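Listed below, chain by chain, are the residues.
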Amino acid sequence: MSQYFNEALGNFVSDVANGGTIRHLTDLGYSAEEIKEHLAIKISDEKLNELIRQRKIENGTLPPEPGEEVKNYRIVKEQTKTGKITFRKVEE
């Protein structure tokens, strides 16, 4: 349980710190070395290349490997009776 939690927490922190930057710069066509210069938290080259590849598959610029599952998501906005707004990522 502790290992699962630590891994999930690490992934969350990494995504908050670097996820948006990696996705944005990948969409603009930056290389891994160029993206690495803009990261808030340093990550391994292997992890960076994995995230870049995943983003390229998500945006359709790289075809997935045979047998590799591609998940499509959409963002759902929800508002409570008190006006609190939240967003959820929903798999389609």
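I'm lost on the pattern of salt bridges in this one. Help?
Opposite charge on two side chains permits them to pair, given that their charged atoms come into close proximity. All chains considered together, the criterion is met by seven salt bridges. A salt bridge links Asp45 to Lys36; its shortest N-O distance comes to 2.3 Å. Take Asp45: its relative accessible area is 39%, and that puts it in the partly exposed class. Given a relative accessible area of 24%, Lys36 falls into the partly exposed group. A salt bridge links Arg55 to Glu58; the shortest N-O distance between them is 3.4 Å. Of this pair, Arg55 and Glu58 are both found in helix H3 (residues 45-58), three residues apart, which corresponds to roughly one turn of the helix. Glu58 sits in the partly exposed class, given a relative accessible area of 41%. Several salt bridges share partner residues, and in doing so they unite Asp27, Arg55 and Glu58 into one network.

Quick question: what am I supposed to make of the pairing of strand S2 (residues 85-91) here?
Note on strand geometry: in a regular strand, side chains alternate between the two faces of the sheet. Where strand S1 (residues 73-79) meets S2, seven bridges bridge the pair, whose relative direction is antiparallel. When the sheet's bridge partners are listed, Tyr73 is paired in S2 with Glu91.

Please explain the environment of Lys47 as it appears in this structure.
Here Lys47 shows up in helix H3. Note on Lys47: relative accessible area 28%, which makes it partly exposed. In the structure, Lys47 is positioned 45 residues away from Glu92 in sequence and 26 Å away in space, judged by C-alpha atoms.

Would you explain the nonpolar core in this entry?
Taken as a class, soluble globular proteins show a tendency for nonpolar side chains to be buried jointly. Core analysis: the largest hydrophobic core is formed by seven residues, namely Ile22, Leu25, Ile35, Leu39, Ile43, Leu48 and Ile52. In contact with Ile52, other than residues within four places in its own chain, are Ile22, Thr26, Ala32 and Ile35.

It is not clear to me how the side chain of Thr26 should be interpreted in this structure. Could you clarify?
Relative to the assigned elements, Thr26 resides in helix H1 (residues 2-27). Residues contacting Thr26, with those up to four places away along its chain left out, are Ile35, Ile52, Arg55 and Lys56.

Mind showing me how you'd approach H3 here?
Residues that lie three or four places apart on an α-helix share one face, since the helix turns once every 3.6 residues. With 14 residues, H3 extends 20 Å from end C-alpha to end C-alpha; this agrees with the ideal 20 Å at 1.5 Å per step. Of the residues making up H3, those classed as buried are Leu48, Ile52, Arg55 and Ile57. Looking at the buried side of H3, the elements it contacts are H1 and helix H2 (32-36). Residue Gly60 follows H3 closely and has a positive phi angle near 85°.

Criteria and thresholds
- Residues numbered from 1 in each chain as written.
- Predicted model: local features only at pLDDT ≥ 70, side-chain atom pairs only at ≥ 80, totals over all residues.
- Heavy atoms only, no water.
- Salt bridge = Lys/Arg side-chain N within 4 Å of Asp/Glu carboxyl O.
- Buried < 20%, exposed > 50% of the residue type's maximum accessible area, 1.4 Å probe, protein only.
- Helix = DSSP H or I, 4+ residues; strand = E, 2+ residues; numbered from the N terminus.
- Pairing = 2+ DSSP bridges.
- Core = buried A, V, L, I, M, F, W, Y, C linked by side-chain atoms within 4.5 Å.
- Contact = heavy atoms within 4.5 Å.
- Expected span 1.5 Å × (residues − 1).

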